[in-house]
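# Close look at the chain arrangement
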Amino acid sequence: MTQLSPATNPAEEGTTAPAGTTAKPATGSGKSLYGGKSSRRVTVRDIAAAKERGEKWPMLTAYDAMTASVFDEAGIPVLLVGDSMGNCHLGYETTVPVTMDEITILSAAVVRGTQRALIVADLPFGAYQESPVQALRNATRLVKEAGVQAVKLEGGERSAHQVELLVSSGIPVMAHVGLTPQSVNAYGGYPVQGRGEEAAQQLLRDAKAVQDAGAFAVVLEAVPAELAAEVTRSLHIPTVGIGAGAGCDAQVLVWTDMAGLTSGHVPRFVKQYANLRATLGDAAKDFAEEVVGGAFPAREHSFR
């Protein structure tokens, strides 16, 4: 399938505008994808242009309007409503139980909480594997009911037909190869993917298959850094790394991991930029102690 060609300067040209009008830039300064404010959302054309410029960009997960608004104001250009919500938001052991209803509700909240970021929603396990038609039905629901601008699905060659139908129907697709968490039961865990010549060649075929099917980007998860860099050089669409080294075009982390809210073990590839679990725990304890001791509510917190 023919990949949509990006505009020469999408950040300047913007999306197609009605006759007699001028499309607004995606960013507040120059062409940079990260940072800034604008009167329109980042688009897949902006993502393609960043690849051409060699610009790296960040992506984070988000599952609610308030958190999404913080990331949007921080200038994060792409937010993923990931099925990782199963682990870090809904209390499941894996991503497998996440439903279309859950993804749709939380995706709509993220859309409502943002103005600039491109919002990508995961198609959960069982929502696209049956057939391309099933994938189209569920992706259409996310676009129409939740208002997302793109969807993400796992799998390379095995999911290429789904990607092709979605893209030809007007729904941008971010693909996901390497470690695909929805296959946890088949893997027997979360092993690194692409080790060894045969596995590396299969991963490269998977990445090229989704590119040829029309995906605008592809996530590489738990892939050796050298292989991820080779895949990135081989593709004309951007790669988004998570545990795939610094050679990818973009990087994504689950926000609760990144911000130190996750308890217990976190993957090796995670860097914690804050310790929100300790901060929130301390705040809760301070509140409780003031309530028990009678210090809260004080006079200034009461109506008269």
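For the structure, see preceding data.
This text gives an overview of the structure that appears in the document.

### Quick notes on unusual backbone geometry
- Cis peptide bonds are those with omega within 30 degrees of zero, and the linkage from F296 to P297 qualifies with 0 degrees.
- Residue placement: P297 occurs in the segment after α12 (276-293).
- Unlike most non-glycine residues, A222 shows phi in positive territory, near 50 degrees.
- Within the secondary structure layout, A222 lies in the loop between β6 (217-221) and α10 (225-234).
- According to the relative accessible area criterion, A222 is buried, its value standing at 7%.

### Overview of the nonpolar core
- With 62 residues, the main nonpolar core has L79, L123, V151, L166 and L220 as its most contacted residues.
- No other element matches the seven residues that helix α9 (residues 197-213) contributes to this core.
- Filtering out sequence-adjacent residues up to four positions away, V151 remains in contact with V120, A121, L123, A139, L142, L166, I171, P172, V173 and M174.
- Of all hydrophobic cores here, the second largest spans 19 residues; its members include I47, M59, V240 and A250.

### Section: the sheet that holds strand β4 (residues 150-154)
- The eight strands lie next to each other as β1-β2-β3-β4-β5-β6-β7-β8, forming a closed barrel whose pairing is parallel. The mean inter-strand angle of the sheet, taken between neighbouring strand axes irrespective of direction, is 25 degrees.
- One ladder, built from four bridges, connects β6 with strand β7 (residues 239-242); its direction is parallel. The partner of V219 across the bridge, within β7, is V240.
- Contacts from helix α7 (residues 160-168) reach β4 and β5 (173-178) within the one sheet, and its direction differs from that of β4 by about 170 degrees.

### Details of a nonpolar patch on the surface
- A contiguous nonpolar patch, built from F287, V291 and F296 and spanning about 260 Å² of accessible area, is present on the exposed surface.
- Relative to the assigned elements, F296 resides in the segment after α12.
- Exposure remark for F296: the relative accessible area of 32% places this residue in the partly exposed category.

### Here we look at the pairing of strand β3 (residues 118-122)
- In terms of burial, β3 is a largely internal element, five of the five residues being buried.
- In β3, alternate side chains face the same way, and those of L118, V120 and D122 on one face and I119 and A121 on the other are all buried.
- Alignment of strand β2 (residues 78-81) against β3, held across four bridges, turns out to be parallel. Looking across to β3, one finds that L80 is bridged to V120.
- With three bridges joining them, β3 and β4 adopt parallel strand pairing. Pairing of A121 across the sheet is with V151, part of β4.
- For the segment spanning β3, helix α6 (residues 132-146) and β4, crossover handedness is right-handed.

About the thresholds
Residues numbered from 1 in each chain as written. Predicted model: local features only at pLDDT ≥ 70, side-chain atom pairs only at ≥ 80, totals over all residues. Heavy atoms only, no water. Helix = DSSP H or I, 4+ residues; strand = E, 2+ residues; numbered from the N terminus. Buried < 20%, exposed > 50% of the residue type's maximum accessible area, 1.4 Å probe, protein only. Core = buried A, V, L, I, M, F, W, Y, C linked by side-chain atoms within 4.5 Å. Contact = heavy atoms within 4.5 Å. Pairing = 2+ DSSP bridges. Axes fitted to C-alpha atoms, helices over the stretch in contact; angles between N-to-C directions. Patch = residues over 30% accessible without salt bridge, like charges linked within 9 Å, V, L, I, M, F, W, Y side chains within 5 Å. Areas by Shrake-Rupley, 256 points an atom, 1.4 Å probe, with all protein chains shown as cover. Salt bridge = Lys/Arg side-chain N within 4 Å of Asp/Glu carboxyl O. Right-handed = clockwise from strand over helix to strand, strands pointing away.

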